[in-house]
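So the chains spell out like this:
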Amino acid sequence: MRTTLSIVAISIQVTMVLTLVGLSAGMLDEQARRARGIGADIIIRPPSSSVLNFGINMSAKIIPKVIDVEPHVAAATGVLVQGTGMLDYVTGVDLPEFNKLNGGFRFVQGGPFQGPYDVLVDSYYADQHKYHVGDTVTQLNRPWRLAGIYEPGMLARQVVPLATLQDLTGNRDQITVIYVKLDDPARTGEVIDRLKGKLKEYKLFSMQEYTELYSVNSVPMLKAFTVVVIALGVLVGFLMVLLSMYTAVLERTREIGVLKALGASPGYVLNILLRETVLLAVAGSILGILLSYVTRFTINDVIHGSLIQSIVYIWWLIAAAIAIVGAMLGAIYPGLKAARQDAIEALAYE
Amino acid sequence: MSDAPIISIRDLRKTYHVGEVDVHALRGVNLDVQRGEFVSIVGPSGSGKSTLFHIIGGLTPPTAGSILLDGHDLLGLTDTQRTELRKTTVGFVFQKYNLLPTLTARDNIEIARHIAHKDGPLDPKFGDVLKLLGLTGRLDHKPRALSGGEQQRVAIARAIVNHPAILLADEPTGNLDTENSTTVLGLLRDLNQRLGQTILMITHNPEAAAYGHRTVRMRDGCIE
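Cut-offs and rules
Every chain begins its residue count from 1, and numbering advances along the sequence as written. Lettering of chains starts at A and numbering of ligands starts at 1, both following the order in which they are written. Two thresholds apply to this predicted model, a pLDDT of at least 70 for residue-level local features and 80 or more for giving and counting side-chain atom pairs, whereas whole-chain, interface and lining totals are computed over all residues. Think of it this way: any DSSP run of H or I at least four residues long counts as a helix, any run of E at least two long counts as a strand, and we number them from the N terminus. Throughout, radius of gyration means the C-alpha value; the globule benchmark is 2.2 Å times the number of residues raised to the power 0.38. Three classes are used. A residue is buried when 20 or more other C-beta atoms lie within 10 Å of its own, exposed when 12 or fewer do, and partly exposed in between, with C-beta atoms placed from the backbone. Contact criterion: two residues are in contact if their C-beta atoms, reconstructed from the backbone, are within 7 Å. Note that the domain bounds reflect an automated or database-derived domain assignment. We call two strands paired when DSSP finds no fewer than two bridges between them.

**With respect to the overall build of chain A**
Along its length, chain A carries 12 helices and 12 strands. Radius of gyration (C-alpha) of chain A: 28 Å, far over the 20 Å computed for a compact globule of 350 residues. Across its three principal axes, chain A shows a C-alpha extent of roughly 90 × 45 × 30 Å. Counting over 350 residues, chain A shows a buried share of 39%. For chain A, restricting intrachain contacts to residue pairs at least 6 apart in sequence, the fraction spanning at least 24 positions comes to 83%.

So this is what it looks like as structure tokens:
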């Protein structure tokens, strides 16, 4: 019972870490995948923006500067991103312009906007919310007609007409991101250099640079949060194993006395407890890894949200190492207590 | 039997400090035990039998006096040296068997070898000892599946598996019924006679004491 509880506690710690890391990686990978799916070569973001911060807009008037001035620009379109929840966004798109980038959305049901209050969603979002074309979708405190459902992996999960979103959110002529398509992608660096001369304070990235920014290291808040969860994990493992091993040492006082009577040194006794601790931590880590598949299934397929959890294999080792370190720290005090046990007192223990 | 005693104790004293009170558990014990001898130690509770047992077994150091055990002077030994002594020179049999409950009988015996860094296969001659102890068919059972008598026989096997110079038995029949007591005592005598195993046995029971070559009586920390 004690052993089972310890393994379960350690597994929860491992699952916590794997779920957090998996969520971070999953969400960022998904963002990067959708960005790549747009088919743009260059991204232009407002001067004070950061990777995950879509709350800062810029004037749409800079688009003509890009298209008219640069000879290799085949198309450029701006989108407005409006947050609707913690990690939920609605994106305003000028469809004819957007289609010039990569042919536009590939519809699995329905088609493009028919009116100003039409919405398009990707099939992932539609499946999660059981939406069909023609349904009414409530967003931004108003009803929208679902005009089309498209294949996921492009731009966003919910798309509305750009002009409508600009009006509804008081962002007339404002956009959040500009996507630029070149006639020759090999000239990306060259074009960026030239654009940087004209759009001095703006942030310009090649698509490759931009998608590489979608990593945990680029998001300080996520990194700090991960560290906090890991620290909590180590603490939970430490406390659980401390209690468990302390109880074990008390329960086995007499057995420890027997081992000492047989000639076991303090190191031998300590070694037995530490090996048992490693076994607990390894068993807890394996269970934790299995549980992370359960959390992935729950987050990706059961909960209706836009969260994506990935399985990050390298973190199996890191989470297991964290669990082992926490458990070993927890085993030190009970282990030393056992190792220092007086053999005669231990043998007399009832 | 050789002339040099395997245990030679002179004016052995042991004082425990209990709070602010000094308890004189041994007050000048003198005892010689010859190699191959089977000695019973009897005496009332508090007479110092167990303390003497613990000192001879290297579980606690004496306060004063001299105690030579198979050539080792126990007075000056460090904790580590006494631990080493327990691996090789003495074997213990306890009243409550003290087998490790999660291990089989075989593993309970093997762990004593493991602690003494003897990890190879069991000495074939030890198979005869196991046969003598009647354990051949019971080695793969855990203690909870063994009777009290069987558990005590496993404990005896564990105590002698490393061929200790001295077997120390503390009330080995204290938890057994008459039939099993007779069996265990008979086995101790057999081990003594067949293998020349030196045995020191603490007991309250005069009938059990009679299995030894001689009986030593203790009272108030001294040998009478």
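**As for the domain arrangement of chain A**
When the domains of chain A are assigned, the result is domain 1 (2-25 + 219-348) and domain 2 (47-201). When each unit is reduced to the centre of its C-alpha atoms, the spacing between domain 1 of chain A and domain 2 of chain A is 46 Å.

**What to know about the environment of Val234 of chain A**
Residue and element names in this part refer to chain A. Within the fold, Val234 resides in helix H8 (residues 220-251). Distance from Val234 to Ala327, taken between C-alpha atoms, is 7.8 Å for residues 93 residues apart in sequence. When residues no more than four places from it in sequence are discounted, the contact partners of Val234 are Ile322, Val325 and Gly326.

**Describing the pairing of strand E2 (residues 21-34) of chain B**
All names here are of chain B. In the sheet, strand E1 (residues 5-18) pairs with E2 via 11 bridges, with the strands oriented antiparallel. By the bridge assignment, Val18 is partnered in E2 with Val21. Between the end of E1 and the start of E2, which pair antiparallel, lie 2 residues, with Gly19 showing a positive phi angle near 65°.

**A few points about unusual backbone geometry**
All names here are of chain B. Phi at Asp11 is positive, roughly 45°, even though this residue is not glycine. Mapped onto the fold, Asp11 is located in strand E1. Taking the number of C-beta atoms within 10 Å as the measure of exposure, Asp11 has 14 and is therefore partly exposed.

**A word on the interface of chain A and chain B**
Contacts between the two partners involve 12 residues from chain A, matched on the other side by 12 residues from chain B. Looking at the side of chain A that touches chain B element by element, the count peaks at 5 residues for helix H9 (residues 253-261) of chain A.

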